[in-house]
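Residues per chain, in single letters:
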Amino acid sequence: MNYLEFEKPLAEIEGKAEELRALARKNEEMDVEKEAAALDRKADTLLRDLYKDLSPWRKCQVARHPDRPHCKDYIEALFTEYTPLAGDRNFADDHSVMGGLARFNDTPVMVIGHEKGNDTKSRIERNFGMARPEGYRKAIRLMDMAHRFGLPVITLVDTPGAYPGKGAEERGQSEAIARTTQKCLELGAPLIAVIIGEGGSGGAVAFATANRIAMLEHSIYSVISPEGCASILWKDAEKMREAAEALRLTAQDLLKLGVIDRIVKEPVGGAQRGAREAIDAVGKAIEAMLKELSGKKPEALIKDRRQKFLDMGSKGLAA
Amino acid sequence: MNWISNYVRPKINSLFSRREVPENLWTKCPECGTMLFHRELADNLNVCTSCDHHMGITPRARFHALFDGGIFTEVKVPEPVIDPLQFRDQKKYPDRMRGAQKATGEKEAMLVAEGEIARTPVVVAAQDFSFMAGSMGMYVGNAIIAAAQRAVALKRPLVLFSAAGGARMQEGILSLMQMPRTTVAVQMLKEAGLPYIVVLTHPTTGGVTASYAMLGDVHIAEPNALICFAGPRVIEQTIREKLPEGFQRAEYLLDHGMLDRVTHRKKLREELVTVLRMLTGQPPAVKGDLPAPKPEVAAMPAPEAAPAVVPEPAKAVEPKPAAKP
């Protein structure tokens, strides 16, 4: 278990319980279970307390937690017959974006998402979930295919943002993102987006211009990272707590603003402490959202999606 | 710290600076250092007469030079909710807004107008970099949607001049939502079969580049304009190497296939007319002096118009050069 900075007191208690039990294993006469169980209870209460009312900055940390289930985990658990499709037919296959045909509850769909990787090797291979133009162009290709064959598209968003690199710029990062957003808006099939971790700026919105948008309870979605915002507006990257607060990047605030449609509950202590539970909850949410959109004609799906975005922000937080 | 530095010194400073500000007759070209007289610079559309460096120009000054006789009608933009997030950094967002409004004399970072360019009816939108770095928030989104709707209603092409540091952080996620919103605006034009021309000016970056600025039928940029998604500093920090000379400048993007043309500001008007008239199936523009515009098109230029460019009523399209590059 990787503990976050604010979970340190929890780490101590859980560490102590673990130590006690290790001692008891070596020394058979010792009976520590009572004390250990007390520590467990204490840890459990503390965990509940910590996660009851997470500050926006803590939510950012949880959203980026390395042990959280990633796109690959969701695809493996929720879909059958997943058949990855690769490449943008132009330059390369971007491994930070995975996608392909799959069945969701036996219905064929197109699933597309950002994958961050879960160890050093896979993180480098996946470029930490930061897509290059090829990743977006692959997504455009898959969405186009879904459109032509009438397959619902499900996107799983988890990216710090589009990759800021020399080659990415040369190959038209901006254009690739703009065209992906445009493709989302042209899609005559249901488009459902779930933000499972980090929804980083333009790189995220290109996948999330959807009919229905859900967010995990402790995920974030923002125009800029709190660190980036702090260094620009506060001239001090250390002011990320204030920036996270001001940006209103939590699922709870975004629901109030009408930017997202639903929040998917995470187990106590975050998705990183109960991957299976979190994945199941996301599965249920996708099922419900698909149901809401079933039977709608392509024209209606396009029209509704556009109107949803045209109306967005007309109320502000006051609503 | 104390009374002297908090009170006396600013007072003294303000006395001195007040004397300097009102008549700033000379501008130093940031590129070549030549001192340029304000009238001469304005006549040259804020392009350095000695090195051709393109400096910033306000939407109003640009419109005066662009529309026939400097005459245009502003298109009304629906008002967004003010400060939707109740955002506060070191300053409150509404205070920053008021500061920008006072400094520029404009309401927000985009101006939309309708009128004629060489008798070619158009709707034009221009982003104002001097207003909070031209940043895209709800208002700019509304302005682009209003521009597209107006263009569709009048069956006219839309020309958009982009200039922005990116999204307006003070509007948080709602500024990000302008990427899909403005994309819907571009689709409205597309479906109505109307041309959408983007003129990318210095600088066009971030979410603006990654939405409406890269979705034009024709992309024209002003020379040496910085056009990018991630800024050069961010990239240097990420890849830890120096970037090549001219990286992310207009000419570099032209070489990499992201633009159709890089055009000098003085030639822009003529080029827009040529392209628009071909795309809308109109005969070539009449050359030489044209009579004054029709009265119904003629509406008043806004009273607080920037003095930068003096409108010259009889200035129509200049004769075409024999060959084009």
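Computed from a predicted structure; not experimentally measured.

Caption draft 1: Examining the interface of chain B and chain A more closely. In this assembly, 49 residues from chain B lie in contact with 47 residues from chain A. Of the roughly 4100 Å² buried between chain B and chain A on both sides combined, carbon and sulfur atoms contribute 71%. Three residues, M169, I173 and F229 of chain B, lead the burial of chain B against chain A; their summed loss comes to 16% of the area buried on that side. For the salt bridge of E191 of chain B with R306 of chain A, the shortest nitrogen-to-oxygen distance reads 2.4 Å. Remark: the boundary between chain B and chain A carries 11 residue pairs in polar contact (both at pLDDT 80 or more). Of all the elements in the fold, those that place two or more residues in the side of chain B that touches chain A are helix 5 (138-154), helix 6 (172-176), helix 7 (178-191) and helix 9 (232-239) of chain B. A total of 10 residues in the side of chain B that touches chain A trace back to one element, the largest contributor, which is helix 7 of chain B. Its residues assigned to classes, the side of chain B that touches chain A comprises 31 nonpolar, 12 polar and 6 charged.

Caption draft 2: Geometry of the domain arrangement of chain A. Residues and elements named next belong to chain A. What the domain assignment lists for chain A is domain 1 (5-53) and domain 2 (60-311). One C-alpha centre belongs to domain 1, the other to domain 2; they are set 36 Å apart. On the side of domain 2, 9 residues touch domain 1, which itself brings 7 residues to the contact. Across the interface of domain 1 and domain 2, roughly 670 Å² is buried in total on both sides, 55% from carbon and sulfur atoms. Our count for the contact surface shared by domain 1 and domain 2 stands at 1 salt bridge. Here R273 and E7 are joined by a salt bridge, their closest N and O atoms 3.1 Å apart. Counting across the domain 1 and domain 2 interface gives 3 residue pairs in polar contact (both at pLDDT 80 or more). Residue contributions to the side of domain 1 that touches domain 2 peak at 3 residues, all from helix 2 (residues 33-52). For the side of domain 1 that touches domain 2, the class distribution of residues is 4 nonpolar, no polar and 3 charged.

Caption draft 3: Broad picture of helix 3 (residues 59-66) of chain B. All names here are of chain B. Counted residue by residue, helix 3 has 7 buried out of 8 residues, so it is predominantly covered. Of all the residues in helix 3, the buried ones are P59, R60, A61, R62, F63, H64 and L66. Elements that come into contact with the buried residues of helix 3 comprise strand 3 (73-74), strand 4 (110-117), strand 5 (120-127), strand 6 (158-164), strand 7 (196-204) and helix 11 (265-279).

Caption draft 4: Broad picture of the packing of helix 3 (residues 56-63) of chain A against helix 11 (residues 240-247) of chain A. All names here are of chain A. With their axes 7 Å apart at the nearest point, helix 3 and helix 11 run at an angle of 95° to one another. As summarised for this structure, helix 3 and helix 11 are arranged roughly perpendicular, according to the angle between their axes. Of helix 11, the residues touching helix 3 (which contributes P56, W57 and C60) are M240, R241, A244 and E245. Classifying every residue of the contact of helix 3 with helix 11 gives 5 nonpolar, no polar and 2 charged.

Caption draft 5: Highlighting the UniProt feature "zinc finger region: C4-type" (unreviewed entry) in chain B. Those places that UniProt annotates as "zinc finger region: C4-type" (unreviewed entry) correspond, in this numbering, to residues 29-51 of chain B. Between the C-alpha atoms that bound residues 29-51 of chain B there is a distance of 9 Å. The span itself is 26% helix and 13% strand.

Each value, and the rule that gives it
- Residue positions within a chain follow its written sequence, with the count starting from 1.
- To read the labels, note that chains go from A and ligands from 1, taken in the order they are written.
- This being a predicted model, a pLDDT of at least 70 is required before a residue's local features are given, and a value of 80 or more before pairs of side-chain atoms are given or counted; all residues contribute to the totals for chains, interfaces and linings.
- Side-chain figures throughout are based on the complete set of non-hydrogen atoms in the structure, without hydrogens or water.
- Residues are treated as being in contact if the distance between any of their heavy atoms lies within 4.5 Å.
- Once two parts are joined, some of their accessible surface, as seen by a 1.4 Å probe, is lost; buried area is that loss totalled over both.
- Whenever a carboxyl oxygen of Asp or Glu lies within 4 Å of a side-chain nitrogen of Lys or Arg, that contact is scored as a salt bridge.
- The term polar contact refers here to a pair of N or O atoms within 3.5 Å; inside protein, the definition further demands a hydrogen-donor-capable atom paired with an acceptor-capable atom, and it admits residues adjacent in sequence only when both atoms are side-chain atoms.
- A helix here means a DSSP run of H or I that spans at least four residues, while a strand means a run of E at least two residues long, and both kinds are numbered starting from the N terminus.
- Classes in brief: Ala, Val, Leu, Ile, Met, Phe, Trp, Tyr, Cys and Pro nonpolar; Asp, Glu, Lys and Arg charged; the others, Gly included, polar.
- Each domain span listed reflects an automatic or database assignment of domains.
- When a residue's accessible area, from a 1.4 Å probe over protein chains only, is under 20% of the maximum for its type it is buried; when over 50% it is exposed; and in between it is partly exposed.
- Geometry is summarised by axes, namely lines fitted to C-alpha atoms with helices restricted to the contacting stretch, and by angles between N-to-C directions that run from 0 to 180 degrees.
- Small angles under 35 degrees read as roughly parallel and large ones over 145 as roughly antiparallel, with 65 to 115 read as roughly perpendicular and the rest as oblique.
- UniProt positions are given in the numbering used here, feature names are shortened, and annotations may be inferred rather than shown by experiment.

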